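# Structural characterization, general
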Amino acid sequence: MSEVKLTAETRTEFGKGAARRIRRDSKVPGVLYGHGSDPLHLTLPGHDLLLALRTPNVLISLDIDGKTNELAIPKSVQRDPIKGFLEHVDLLLVKRGEKVTVEIPVHTEGELAPGGNLLEHVLNALPVETEATHIPEAVTVSVEGLEAGASILAKDITLPKGTTLAVEEDAVVLQVLASQAEEAAEGEEAAGEEVAEA
């Protein structure tokens, strides 16, 4: 798991006007909270933060005002719905060795059985509990040869050492659906048989 170092400054100005001024300087307002401490309002470098957030559940090492160093993970990110720039970020304070509950992306590999079947991601991300400094970037699941009606449950997924499920073991993560064209053809065949019997 990657650890990204960012320099942050504490901020004392609040409200929409202050947030706009911060964003005009290519920075992002944020809040650091957790461990029962008072929320700490920060200003973070916009471009560096944007790059860091490309990695899901990135571990961020914050140098705050050149005085303190804290570890955090992104908890909530607000983006402009049209332009996509970062508007605000909530960071959760974590400590080395501490367990956190996060969602990690589910990637698939392999080809489904022939026949135009469709793979449905029931869960795009898998809730897990893991050490804050060793959050897996993703899990990869093989769907090689799976046929319509097959499903992969949370308990079927191999997790990295030190990571446990934070969801029911029987939760469906992926399922294979028959293609619509195939279902329509089967329906027509059944209707034809009924007519023949009458």
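Residue indices begin from 1 for each chain and proceed along its sequence in written order. In keeping with the predicted nature of the model, local features appear solely for residues at pLDDT of at least 70, side-chain atom pairs appear and are counted solely at 80 or more, and the whole-chain, interface and lining totals rest on all residues. For side-chain calculations, the full set of non-hydrogen atoms in the structure is used, while hydrogens and water are omitted.

## Digging into the sheet that holds strand 10 (residues 139–142)
The rule for pairing is simple: two strands pair if DSSP sees at least two bridges between them. Under the scheme used here, helices are H or I runs from DSSP no shorter than 4 residues and strands are E runs no shorter than 2 residues, and both carry numbers assigned from the N terminus. Sheet architecture is open: four strands sit in the order 10-7-9-12, paired in mixed fashion. Looking at which strands have only one partner, the edges of the open sheet turn out to be strand 10 and strand 12 (164–165). Note that strand 9 (residues 125–131) and strand 12 share two bridges and pair antiparallel. Directly across from E129, in strand 12, lies its bridge partner T164.

## A closer look at the sheet that holds strand 2 (residues 27–34)
An order of 1-3-2-6-5-4 is seen for the six strands of this closed barrel, with the pairing classed as mixed. Shown here is a sheet whose adjacent strand axes are inclined to one another by a mean of 45°, direction ignored. Here strand 1 (residues 3–10) pairs with strand 3 (residues 37–45) via two bridges, running antiparallel. In the sheet register, T10 faces strand 3, and the bridge partner there is L42. Between the N-to-C directions of two axes lies an angle of 0 to 180 degrees, each axis being a line fitted to C-alpha atoms and, for a helix, fitted only over the stretch in contact.

## Focus on the environment of G145
Here G145 is to be found in the loop between strand 10 and strand 11 (151–153). Exposure categories follow from relative accessible area, calculated using a 1.4 Å probe and restricted to protein chains: below 20% of the type maximum is buried, above 50% is exposed, and the middle band is partly exposed. Using a relative accessible area of 40% as the deciding quantity, one classes G145 as partly exposed. Working rule for contacts: check all heavy atoms of both residues, and any pair within 4.5 Å makes them a contact. Not counting residues up to four positions away in its chain, the partners in contact with G145 are E111, L112 and A113.

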